[in-house]
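Single-letter residue listing:
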There are 2 protein chains.
Amino acid sequence: MENLISFEKAIEIVLKETKICGVEKVDILKSLGRFIAEDIFSPFDMPPFKRSAMDGYAIKFDDLSNTKIFEIKDEIKAGEEKIVEYEKGKCVLIMTGAKIPEGFDTVIKFEDTEEFVEEGKRKIKILKEIKKGENIAEKGEDFKKGDLLIKKGTFIDSGYMAIIAYCGIKKVLVYKKPEVGIIATGDEVKKIGEKLREGEIYDCNSYSIYGLVLKYGGIPEILGIAKDNKRSLKRYIEKGLEKDILILSGGVSEGKYDFVVDVFKEIGIEMKFWKVAVKPGKPTFFGKKGKTLIFGLPGYPVSTYINFENLVRPAILKMQGKKNFDRFKVVGILASDVENKGDRDEFLRIIVKVENDENIVIPFKKQKSGVFTSIVNTNGLLYLKKGQKIKKGEKVIVSVMRSDLVSIFT
Amino acid sequence: MENLISFEKAIEIVLKETKICGVEKVDILKSLGRFIAEDIFSPFDMPPFKRSAMDGYAIKFDDLSNTKIFEIKDEIKAGEEKIVEYEKGKCVLIMTGAKIPEGFDTVIKFEDTEEFVEEGKRKIKILKEIKKGENIAEKGEDFKKGDLLIKKGTFIDSGYMAIIAYCGIKKVLVYKKPEVGIIATGDEVKKIGEKLREGEIYDCNSYSIYGLVLKYGGIPEILGIAKDNKRSLKRYIEKGLEKDILILSGGVSEGKYDFVVDVFKEIGIEMKFWKVAVKPGKPTFFGKKGKTLIFGLPGYPVSTYINFENLVRPAILKMQGKKNFDRFKVVGILASDVENKGDRDEFLRIIVKVENDENIVIPFKKQKSGVFTSIVNTNGLLYLKKGQKIKKGEKVIVSVMRSDLVSIFT
């Protein structure tokens, strides 16, 4: 009867058709938020030398068996190239990050000593027990020359950018960002700023798609709202075919199928699938023309949002060299019974949070595709197979979609 | 002996000194990633009318007791303003999103019917059981006119931006972004591109700070690397005092304290605290001059990073109207014993992930402040009080810092 494909199959087809975008060299600061297109190996040991981890005095540990008093022989600042020869019972005032001179093996912090002058000589008294090697950072203890520090395909966040800087790398090879065209469709859908007449609503899908494209590294462009007629739809789609990805929302519902697919055929878009056995978002279309992937997402804001996260996100990430599309997952205790009585697998919007030393998973009450507040008031998804039933109190694994809910939000 | 303040006290002081930046109106697309400075109430019910949730046929449910065959009386597309009068035993072909005409109360999906022509009339036969009210979205079921949809201070992500669009709002009041100046310090610290001599390292702190400032909504500017002398330090700090926040890395270690604090005094920076009883990052300075908050973070990349997350992040967020600074938390099972033998509270870098249906928390092996790979290879923090000891297998609550580790990363 219906020609639905499974959700897993849909992802498989999307990924099969997705090709990696090109690469480009960018300045290190511009590499932030990009996916790296080269392996980064360390050019040197880090630390590059045995250095002091504290401001204090470098001593030879064995001297402690004879004395707690050391004469300050010299001072070494960080970055200074200075040769100081070891002499029994003498110490060197040394700053954090400075190279430990030959013969010294332990650093005692300023605050664990008392400085005084005796016979015109600056001396220290050691006030605390220390261990051999204390406050010394060994050469290469962070990473060693030749270590693979960043794997090709890694997302460069502030931490990775700092590592690139640490290695002294000025230009970074990254994957190009896919360009994504966004089209809303529907005679009832109006642009913000226009006056609504009875039966009309504002376009919100273009905005959620815009935000999601940016989040996952693409370059979004809102192309406009196509009317439910061939001429209008054709005009907008043709505008979008120069992009790497073209996303229509509200495009290919049951009743619009014939005319939309006619338009696709006329334009030369090859259909890969239409309709996925998943809720929300069954009437999802996927096709291709040349390099351009075309997604026809359902019109409901919830379906559009979830299907973008599930099907478009992997494509955008793969175009940027990413290989693993898993989300951050949490095991939690289900706070109320859930059951998938439908004929398709389902993604329930849930809240996952810590309460009384447990991770609890609270299914959002309104799960209908028409209820967009189910997106902003939740932070995760629970995948329920067709017919699956889970009791309150049982363990479930959920995917976290908005881990900032309790931090950035409110 | 030492004049350390507690970590909680440090945060309290920072927040007390932090003032909210101004507000500005921006176009909706520019509101993405900003913090909203107004409450958003719904201007109308959503859906604004009783509408069809599917492409199908609207019927009156009670008619089903007489017949499974309905004559198609008319068609209604979404966005159409059309009055169709109810007649017993007749149905209306209706598209998703279209207004349900008076007298009809249930929609049967296309795929659950069979259309045929009888005596020149288009008719349908209903093939499936349906419930009264099925496939109807009630007026206001998502939100009602006057509902508080977005609270002042909320971070606008793609979901919230879609809600703003849904309400037809074109201009959004948001908090201004704080401007943040970044200064590295140290004679041993070199700019990328320069040649390293023995004992020197590249500046990486400016880059991690740059990325973190951007992540939390600020506008970063790298001002350069100050030398360890008064003149150089003064020159850089004065450059940065027009910013809302000025961050120095490697500035105020034990051995540099006197000269740095002298410079601060000369410039007129009021010291609020120096040294926090926390690991990593004890020698953290906080002061203020006029509107500008000055943070002196430790020189070690790990200490800089963690102290930024712990002390600077709340300030940047508060400047943008945020009230709650909690992170996303997860309860997990500790994978190995931990013990804080030090004299300060400690933040351990950990990996939290799902394994065998449990959230496990793996403390990173190298916890020294000199090991920056402990930042990029972990995704969370475990806060250990001074003297606290937790056994393998016990439950701990961790803060998630990089929930993208298993999704965006690699």
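Check the entry above for the structure.
Please read all numbers here as calculations on a predicted model, not as lab measurements. (Residues numbered from 1 in each chain as written. Chains lettered and ligands numbered in written order. Predicted model: local features only at pLDDT ≥ 70, side-chain atom pairs only at ≥ 80, totals over all residues.)

Caption draft 1: Structural view of the relation of the copies chain B and chain A. Mapping chain B onto chain A is achieved by rotating through 180° and translating by 0.0 Å along the same axis, at an RMSD of 0.0 Å. Classification of the inter-copy transformation places it as that of a two-fold axis. Residue by residue, 100% of the interface of chain B is reproduced at the interface of chain A, so both copies engage with the same surface. (Least-squares fit on C-alpha atoms with pLDDT ≥ 70 in both. Contact = placed C-beta atoms within 7 Å.)

Caption draft 2: Representation of the interface of chain B and chain A within the structure. At the junction of the two partners, chain B supplies 97 residues and chain A supplies 97 residues. Listing elements by their share of the side of chain B that touches chain A, those giving two or more residues are α2 (158-166), β15 (201-202), α3 (205-215), α6 (301-319), β22 (329-334), β25 (358-363), α7 (373-376) and β28 (395-400) of chain B. Counting residues per element, the side of chain B that touches chain A draws most heavily on α2(B), at eight residues. In terms of residue class, the side of chain B that touches chain A is built from 44 nonpolar, 23 polar and 30 charged. (Helix = DSSP H or I, 4+ residues; strand = E, 2+ residues; numbered from the N terminus. Nonpolar A, V, L, I, M, F, W, Y, C, P; charged D, E, K, R; others polar.)

Caption draft 3: Representation of the environment of A:Phe259. Residue and element names in this part refer to chain A. Here Phe259 lies in helix α5 (residues 257-267). When the 14 C-beta atoms within 10 Å are taken as the criterion, Phe259 is described as partly exposed. Spatially, the C-alpha atoms of Phe259 and Lys365 are 36 Å apart, while their sequence positions differ by 106 residues. (Buried ≥ 20, exposed ≤ 12 C-beta atoms within 10 Å, placed from the backbone.)

Caption draft 4: Structural context of the sheet that holds strand β7 (residues 106-109) of chain B. Residue and element names in this part refer to chain B. Judged by pairing direction, the sheet is mixed, and its six strands sit side by side in the order β7-β4-β6-β5-β9-β8 without closing on themselves. If you trace the sheet from one side to the other, it starts and ends with β7 and β8 (113-118), each paired once. When strand polarity is set aside, the average angle formed by the axes of neighbouring strands in this sheet is 40°. Here five bridges tie strand β5 (residues 69-76) to strand β6 (residues 90-94), and the two strands are oriented parallel to one another. Across the sheet, the residue bridging to Ile76 is Ile94, located in β6. (Pairing = 2+ DSSP bridges. Axes fitted to C-alpha atoms, helices over the stretch in contact; angles between N-to-C directions.)

Caption draft 5: Here's a closer look at helix α2 (residues 158-166) of chain A. α2(A) sits mainly inside the fold: nine of its nine residues count as buried. Positive phi appears at A:Gly168, one or two residues downstream of α2(A), with a value of about 75°.

Caption draft 6: Representation of unusual backbone geometry in the model. A cis amide bond, omega -10°, links A:Met46 with the succeeding residue A:Pro47. With respect to the helices and strands, the residue A:Pro47 is situated in the loop between β2 (40-41) and β3 (51-52). Cis geometry marks the peptide bond from A:Lys279 to A:Pro280, where omega comes out at 0°. Of note in this structure, A:Lys275 is not a glycine but carries a positive phi near 85°. Locating A:Lys275 in the fold gives a position in the loop between β18 (270-274) and β19 (278-279). The phi angle at B:Asp357 is positive, at roughly 60°, despite the residue not being glycine. Checked against the element boundaries, B:Asp357 lands in the loop between β24 (345-355) and β25.

Caption draft 7: Structural context of the packing of helix α1 (residues 7-17) of chain B against α6(B). All names here are of chain B. Closest axis-to-axis distance for the α1/α6 pair is 9 Å, and the angle between their directions is 30°. Between α1 and α6, the angle falls in the class roughly parallel. Note on packing geometry: the crossing formed by α1 with α6 is right-handed. For the pair α1 and α6, the contacting residues are Ala10, Ile11, Val14 and Leu15 in the first and Leu311, Pro314, Ala315 and Lys318 in the second. Residues belonging to the contact of α1 with α6 are distributed by class as follows: seven nonpolar, no polar and one charged. (Parallel < 35°, antiparallel > 145°, perpendicular 65-115°, else oblique. Left-handed = near helix turned anticlockwise from the far one by under 90°.)

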